[in-house]
Amino acid sequence: MCVTAVESRPAGVLGTSQSPAHRPFGARVMAFVALTKPRIIELLLITTVPVMFLAQRGVPDLKLVLLTCVGGYLSAGGANALNMYIDRDIDALMDRTSQRPLVTGMVGPRECLAFGISLAVVSTLLFGLTVNWLSAWLSLGALLFYVVVYTMILKRRTSQNIVWGGIAGCMPVLIGWSAVTNSMSWAPVILFLVIFFWTPPHYWPLSMKVKDDYARVGVPMLPVVAGNKAVAKQIVLYSWVMVGVSLLLTPLGYTGWFYTAVALAAGGWWLWEAHALLNRAKAEVTGGKLKEMRLFHWSITYVSLLFVAVAVDPFLR
């Protein structure tokens, strides 16, 4: 385990809270929106809505879809805000996070904490009162797992942080299914596992790119504590398992030819990119020629294509 004390001297302006006169209302609103990490939440919704189509075997109630998306956004947004509150010390020292609202002083720590807790409470009640309580507890569980287990316990202590911490990002699949059926089934469990095995090879290439940032603050992401070759081998291993798991839906009768074709094509391309990264790492290629971000960007395209296929497949059977 690696526990590193982070010096309080920030690279940004943490601790130099701006006076109200220097914090325009519009900029403040955008800062609170930024606390929710909207781009990450877009990816979570991509894995939620298609599962609702699969659960319904067609078009689910659109009001239910809207309520689930709003509840999911608020829950994930609350988790992200609390993550920024806890990580504000290291965010100030990392280049990629140096402009976050708490670092710049656009939002104060107490404001961020209250905002995150408020979103957690509102999202749980919204789910429970308008969707169902199973979805509410799953949503709250995902939030607590991300904030407590990943951010507070795993992130600064183990190189396996993103592996187990990624469980929180798998939960929207279960929430989407439970929102429609108020129950569980093997289909969402399989898709949960797809996202579980997708998360490390999705995030490790980005970590390879910014490993100096993580090393500076003592966060032991795998690329910080292992060489590129070792990381690439892990990426290939997780990639093969992910693609294999993604193909289980069809023999179990949940999907048909369309999903299978997309899963095979997209998964095949993923494996090509993963092995290409491993080959470059074995050749000790470094810097821009390693092209680790190719797999990172493709990983977002992959999960989008796969879950669009999940939504479309019921209409072609």
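Every chain is numbered on its own, with residues counted from 1 as its sequence reads. Confidence filtering applies because this is a predicted model: local features only for residues at pLDDT of at least 70, side-chain atom pairs given and counted only at 80 or more, and all residues used for totals across whole chains, interfaces and linings. The basis for every side-chain value is the complete set of heavy atoms in the structure, and neither hydrogens nor water enter the calculation.

### Considering the overall build of the chain
Numbering of helices and strands runs from the N terminus, with a helix taken as a DSSP run of H or I at least four residues long and a strand as a DSSP run of E at least two residues long. A count of helices and strands for the chain gives 15 helices and zero strands. Two things to know: the radius of gyration comes from C-alpha atoms, and the globule rule equals 2.2 Å times the number of residues to the power 0.38. Relative to the globule expectation of 20 Å for 317 residues, the C-alpha radius of gyration of the chain, 20 Å, shows essentially globular dimensions. Overall size of the chain, expressed as C-alpha extent along the three principal axes, is 60 × 55 × 35 Å. Burial classes follow relative accessibility: with a 1.4 Å probe on protein chains only, a residue under 20% of its type's maximum area counts as buried, one over 50% as exposed, and anything between as partly exposed. Taken across its 317 residues, the chain has 54% of its residues classed as buried. A separation of at least 24 residues holds for 77% of the contacts in the chain among residues at least 6 apart in sequence. What makes two residues a contact is simply this: any of their non-hydrogen atoms within 4.5 Å.

### Here we look at the packing of aromatic side chains
Paired rings are identified among Phe, Tyr and Trp, the last through its six-membered ring, by centres lying within 6.5 Å, and are further divided according to the angle between planes into stacked (under 30 degrees), edge-to-face (over 60) and tilted (the rest). Tallied over the entire structure, the rule returns 11 aromatic pairs. Ring geometry for Phe 32 versus Phe 115: centroids 5.1 Å apart, planes at 65°, classification edge-to-face. One end of the pair, Phe 32, is in helix 1 (residues 25-35); the other, Phe 115, is in helix 6 (residues 109-131), and 83 residues separate them in sequence. Residues Phe 196 and Phe 197 carry aromatic rings whose centres are separated by 5.1 Å and whose planes lie at 85° to one another, so their mutual orientation is edge-to-face. Classification of Phe 196 as buried rests on a relative accessible area of 10%. Within the aromatic cluster, the residues linked to one another by ring pairs are Trp 164, Phe 196, Phe 197, Trp 204 and Tyr 238. Note on geometry: a ring has a charge over it if NZ (lysine) or CZ (arginine) is within 6 Å of the ring centre and within 35 degrees of the ring normal. Just above the ring of Tyr 85 sits the side chain of Arg 88; from NZ or CZ to the centre is 4.3 Å.

### Details of a nonpolar patch on the surface
In this analysis, a patch consists of residues with relative accessible area above 30% that form no salt bridge, clustered at 9 Å for like charges and at 5 Å for the nonpolar side chains Val, Leu, Ile, Met, Phe, Trp and Tyr. Using the Shrake-Rupley algorithm and a 1.4 Å probe, accessible areas are obtained, with residue cover drawn only from the displayed protein chains. Only one rule defines a salt bridge in this text: a Lys or Arg side-chain nitrogen within 4 Å of an Asp or Glu carboxyl oxygen. Side chains of Ile 117, Val 121, Leu 125, Leu 129, Trp 133 and Trp 137 sit close together on the surface and give an oily, nonpolar patch of about 630 Å² of accessible area. The set of elements that each furnish at least two residues to the nonpolar patch consists of helix 6 and helix 7 (133-154). Considering every element that reaches the nonpolar patch, the biggest residue donor is helix 6, with four residues.

### Observations concerning the confidence of the model for the chain
Averaged over the chain, the pLDDT score is 92; the fraction of residues at 70 or greater is 93%. Every residue gets a pLDDT, meaning the predictor's confidence in that residue, from 0 to 100. In the predicted structure, residues 1-11 sits below a pLDDT of 50 and forms 20 contacts with residues beyond four places in sequence or in another chain.

### Observations regarding the pattern of salt bridges
Scanning all chains against the criterion turns up seven salt bridges. Among the salt bridges present, the one from Arg 100 reaches Asp 91, with a minimum N-O distance of 3.2 Å. Asp 91 sits in the buried class, given a relative accessible area of 3%. Between Asp 213 and Arg 216 there is a salt bridge, and its shortest N-O distance comes to 2.6 Å. A residue pair is termed a helical-turn pair when its members lie 3 or 4 positions apart in one helix, as Asp 213 and Arg 216 do in helix 11 (residues 211-217) at three residues. Residue Asp 213 is classed as buried on the basis of its relative accessible area of 6%. Counted as one network, the salt bridges with shared partners bring together Asp 87, Asp 89, Lys 155 and Arg 156.

### A closer look at the environment of Ala 261
Among the structural elements, Ala 261 can be located in helix 14 (residues 257-282). Judged by relative accessible area, Ala 261 falls into the partly exposed class, the value being 38%. In this structure the C-alpha to C-alpha distance between Ala 261 and Met 208, which are 53 residues apart in sequence, comes to 31 Å.

### Some details on the side chain of Ser 159
Checked against the element boundaries, Ser 159 lands in the loop between helix 7 and helix 8 (161-165). Here Ser 159 is in contact with Pro 220, Met 221, Leu 222 and Val 225, once residues within four sequence places are set aside.

### A closer look at the packing of helix 6 against helix 7
Axis geometry follows a simple rule: fit a line to the C-alpha atoms, using only the stretch in contact for helices, then measure angles between N-to-C directions, giving values from 0 to 180 degrees. Interaxial distance between helix 6 and helix 7 falls to 7 Å at its minimum, and their mutual angle equals 160°. With respect to helix 7, the axis of helix 6 lies roughly antiparallel. You can see that helix 6 and helix 7 cross each other, and the crossing is right-handed. For the pair helix 6 and helix 7, the contacting residues are Ala 120, Thr 124, Leu 125, Phe 127, Gly 128, Leu 129 and Val 131 in the first and Trp 133, Ser 135, Ala 136, Trp 137, Ser 139, Leu 140 and Leu 143 in the second. Along the lines of polarity and charge, the residues of the contact of helix 6 with helix 7 split into 10 nonpolar, four polar and no charged. The labels follow the angle: roughly parallel below 35 degrees, roughly antiparallel above 145, roughly perpendicular from 65 to 115, and oblique for the rest. Each crossing is labelled by how the near helix is turned from the far one, with a counterclockwise turn of less than a right angle marking it left-handed and a clockwise turn marking it right-handed. In the scheme used here, Gly and all other residues not listed as nonpolar or charged are polar, with Ala, Val, Leu, Ile, Met, Phe, Trp, Tyr, Cys and Pro taken as nonpolar and Asp, Glu, Lys and Arg as charged.

### What about the nonpolar core?
Remark: nonpolar core denotes a set of buried residues (Ala, Val, Leu, Ile, Met, Phe, Trp, Tyr, Cys) joined through side-chain atoms within 4.5 Å. Residues Leu 191, Trp 270, Tyr 302 and Phe 307 are the most contacted members of the largest nonpolar core, which totals 88 residues. In terms of residue count, helix 10 (residues 186-209) provides more of this core than any other element does, 13 residues in total. In contact with Tyr 302, not counting residues within four places along its chain, are Trp 198, Met 242, Ser 246, Ala 266, Gly 267 and Trp 270.

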